[in-house]
Amino acid sequence: PSETMKIFTILILAQFLCPLKSSVGFRSFLEAALAAAVPAALILLQPDLGTAMVFVGILMACLHGSRVPRRYISLLLIPLWACVALPGEVLTWII
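Residues numbered from 1 in each chain as written. Predicted model: local features only at pLDDT ≥ 70, side-chain atom pairs only at ≥ 80, totals over all residues. Heavy atoms only, no water.

**Examining the state of the cysteines**
Threshold: Pairs of cysteine sulfur atoms within 2.5 Å are what we label disulfides. Throughout this description, buried means an accessible area under 20% of the type-specific maximum (1.4 Å probe, protein chains only), exposed means over 50%, and partly exposed covers the range between.
Applying the stated rule across the entire model yields zero disulfides. Of all cysteine sulfurs in the structure, the one in Cys62 sits closest to Cys18, which takes part in no disulfide; the separation is 7.9 Å. A residue is classified by how much of its surface remains accessible, and Cys18, at 52% relative accessible area, is exposed.

Take a look at the structure:
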């Protein structure tokens, strides 16, 4: 089911991120992020981190290709990098 969900996620993101106007608004950005986060969260319940990370890559590629302002992408990447970097720092500090 995750392979078909990857295709459906790409199609859903294309619908949210390719409006007829020239730029994508913040609401469309949030809808697209949520559309990619839901299947990723469901796959993380299995747990399958590799497949869930593919959804992050799909979202980033679609955001990059759809003229989303960089500040929107940074709003998504800063907490993501904090979640990746923080556990390593905490574990190093504890050990």
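**What about the environment of Val38?**
Selection criterion: Secondary structure elements are taken from DSSP: a helix is a run of H or I of four residues or more, a strand is a run of E of two residues or more, and numbering for both begins at the N terminus.
Along the polypeptide, Val38 turns up in helix α2 (residues 26-44). Note on Val38: relative accessible area 44%, which makes it partly exposed. Distance from Val38 to Phe55, taken between C-alpha atoms, is 9.7 Å for residues 17 residues apart in sequence.

**Observations regarding helix α3 (residues 49-65)**
Each α-helix turn comprises 3.6 residues. Residues three or four places apart therefore point the same way. Inclusion rule: Each helix should span, by expectation, one fewer than its residue count multiplied by 1.5 Å.
In this model α3 runs 25 Å from its N-terminal to its C-terminal C-alpha over 17 residues, within 8% of the 24 Å that 1.5 Å per residue would give. The set of residues buried in α3 consists of Thr51, Ala52, Phe55, Ile58, Leu59, Met60, Cys62 and Leu63. Phi for Arg67, located one or two positions after α3, is positive at around 60°.

**Things to note about the confidence of the model for the protein chain**
To keep it simple, the criterion reads: As a per-residue measure, pLDDT reflects the predictor's confidence and takes values from 0 up to 100.
Per-residue confidence for the protein chain gives a mean pLDDT of 80, with 84% of residues at or over 70. Summarising per-element confidence for the protein chain, the mean pLDDT is lowest in helix α4 (residues 70-94) (71) and highest in helix α1 (residues 2-17) (88).

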